[in-house]
Amino acid sequence: MQFGSILRRGSRVFAIVSVGLSASAASAAGLTTLATFDSTNGGYPFAGLILSGNTLYGTTELGGASDAGTVYSVPITGGTPTTLATFNIANGSYPQAGLILLGSTLYGTTYEGGANDDGTVFSLPITGGTPITLVTFNVANGGHPNGLTLSGSMLYGTTSYGGVNNDGIVFSVPTASGTPNTLAAFDGTNGTYSQAGLILAGNTLYGTTYQGGANGYGTVFSVPVAGGTPTTLASFDGINGANPNAGLILSGSILYGTTYEGGANDDGTVFSVPITGGTPTTLVTFDGSNGSDPVAGLTLSGSTLYGTTGGGGDLGYGTVFSVPVSGGYLTTLATFNNTNGLFPYAGLILSGNTLYGTTYQGGPDGYGTVFSLALPEPGSLILLALGLPALLRRHRVR
């Protein structure tokens with residue numbers, strides 16, 4: 001099943017799969033299901049997690065009292081999700097992005113809902129309660145916001161639509177609420193339809209657009225934190241990737257990210273690009289067997305990148321992978337089999353030697369899971385490189 005054919009941000013189209021819960025020979029070594037959703041406590045977690053103390057926090061796109069999504073917490077050791085807040089359309093609906101934490105307050109976005117049904121920015125006490133709407137979008141000031149970045153008392157983000165050209169914007173808003181300040185507007189030539197959040201380095205914001213740019217396949221861009229015209233750092237051409245759905249990470253002077261499509265097999269790529277701009281370097285080309293259609297961004301630890309693919313792997317239900325920052329060999333760390341989750345559309349967080357993430361569907365009720373994955377010891381990675389055990393296969397990148 002291809003992510004692109006069943007779910008696009010803003011399309012509100014879903015395919016709820018029904019498959020047998022049979023065991024799979026797919027790799028799941030070290031993979032632990034920490035929590036499962038049942039719709040009443042949330043359903044379909046599109047976004048990833050944040051960790052504070054011994055508790056994981058996240059959002060579900062649907063489920064809860066009004067079936068418009070929730071904010072939840074789960075102990076790092078696992079258990080039943082605690083619903084911290086439910087959305088009711090009036091205060092937002094369908095949160096697709098993750099959360100950020102400042103002090104004892106969580107901040108996030110809803111992709112739709114609010115007064116104009118164009119999405120909101122909200123805050124919520126970490127202990128739960130009624131979401132406080134900080135921003136309601138209205139197309140003119142943006143529409144359908146993505147994830148947030150925090151610097152001091154200012155939140156930064158992107159919207160997929162809206163703005164002067166209806167191609168999306170980069171915005172800022174104080175954590176205390178207020179009118180969004182449009183820092184940049186996309187116009188197609190410099191990108192369009194950003195689906196991802198931003199990173200901040202110095203006085204510059206960096207991000208991706210899903211489409212637009214020189215070839216129409218999306219861009220990597222920068223914008224001064226004070227605002228201005230977006231600078232196109234890279235344009236994708238299909239061969240070197242297409243349609244980046246996720247944000248970026250920065251290590252030294254290099255930006256790393258994923259493209260949802262493109263590459264040699266049109267199954268997506270992992271890429272790097274200098275922070276000053278240039279032609280993207282393809283570090284990984286997915287081919288289905290080693291994963292396909294990476295929806296989420298990457299996590300960096302030392303010299304290794306970790307990520308997920310929304311499809312592909314042994315059963316086509318998605319994978320967890322690692323790849324050196326220099327590129328080369330991709331290691332499949334886990335594949336999903338419905339019982340342990342389906343379609344990991346979100347990125348990962350790393351704490352100690354354990355990765356944490358979510359799957360959009362799967363688990364006993366089909367509404368998604370929260371999982372952990374213990375990383376193999378360095379010596380085990382050598383065995384993986386040799387193909388042992390056979391269930392954890394290492395794939396040569398083409």
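Residues numbered from 1 in each chain as written. Predicted model: local features only at pLDDT ≥ 70, side-chain atom pairs only at ≥ 80, totals over all residues. Heavy atoms only, no water.

**A short note on the pairing of strand β13 (residues 181-185)**
Looking down a regular strand, the side chains alternate between one sheet face and the other.
At step 1: Judged from the four bridges that link them, strand β12 (residues 169-174) and β13 form a sheet pairing that is antiparallel. Across the sheet, residue Val170 finds its bridge partner in β13, namely Ala184.
At step 2: From the end of β12 to the start of β13, which pair antiparallel, there are six residues, and Ser177 there has a positive phi angle of about 90°. (Pairing = 2+ DSSP bridges. Helix = DSSP H or I, 4+ residues; strand = E, 2+ residues; numbered from the N terminus.)

**With respect to the side chain of Thr70**
At step 1: By secondary structure assignment, the location of Thr70 is in strand β4 (residues 70-75).
At step 2: Within the structure, the side chain of Thr70 is placed 2.7 Å from the side chain of Thr60, a separation counted as a polar contact. (Polar contact = N/O pair within 3.5 Å; in protein donor to acceptor, adjacent residues only side chain to side chain.)

**Points about the packing of aromatic side chains**
At step 1: If you walk through the whole model with that rule in mind, you get 15 aromatic pairs.
At step 2: Plain terms: the ring middles of Tyr317 and Phe343 are 6.0 Å apart, the flat faces sit at 85° to each other, and that makes the pair edge-to-face. Here Tyr317, found in the loop between β23 (304-309) and β24 (319-324), pairs with Phe343, found in the loop between β25 (329-335) and β26 (349-351); they are 26 residues apart in sequence, far enough to count as distant.
At step 3: Joined through ring pairs, the aromatic side chains of Tyr44, Phe46, Tyr317, Phe343, Tyr345, Tyr360 and Tyr367 make up one cluster. (Phe/Tyr/Trp six-rings, centres within 6.5 Å; stacked < 30°, edge-to-face > 60°.)

**Focus: the sheet that holds strand β5 (residues 82-86)**
At step 1: Taken together, four strands build an open sheet; the order of strands is β2-β3-β4-β5 and the sheet is antiparallel. Every interior strand has two partners, whereas the edge strands, β2 (50-52) and β5, have only one. Each strand axis lies, on average, 25° off the axis of its neighbour in the sheet, ignoring direction.
At step 2: The pairing of β4 with β5 spans four bridges and is antiparallel. Bridge pairing links Ser73 to Thr82 in β5. (Axes fitted to C-alpha atoms, helices over the stretch in contact; angles between N-to-C directions.)

**Structural notes on the environment of Ser251**
At step 1: Structurally, Ser251 is set in strand β18 (residues 249-251).
At step 2: Judged by its relative accessible area of 31%, Ser251 falls in the partly exposed class.
At step 3: Between the C-alpha atoms of Ser251 and Gly302, which are 51 residues apart in sequence, the distance is 9.7 Å.
At step 4: The contacts of Ser251, once residues within four sequence positions are left out, are Tyr256 and Leu300. (Buried < 20%, exposed > 50% of the residue type's maximum accessible area, 1.4 Å probe, protein only. Contact = heavy atoms within 4.5 Å.)

Purely geometric stuff here, so don't read any function into it on its own.
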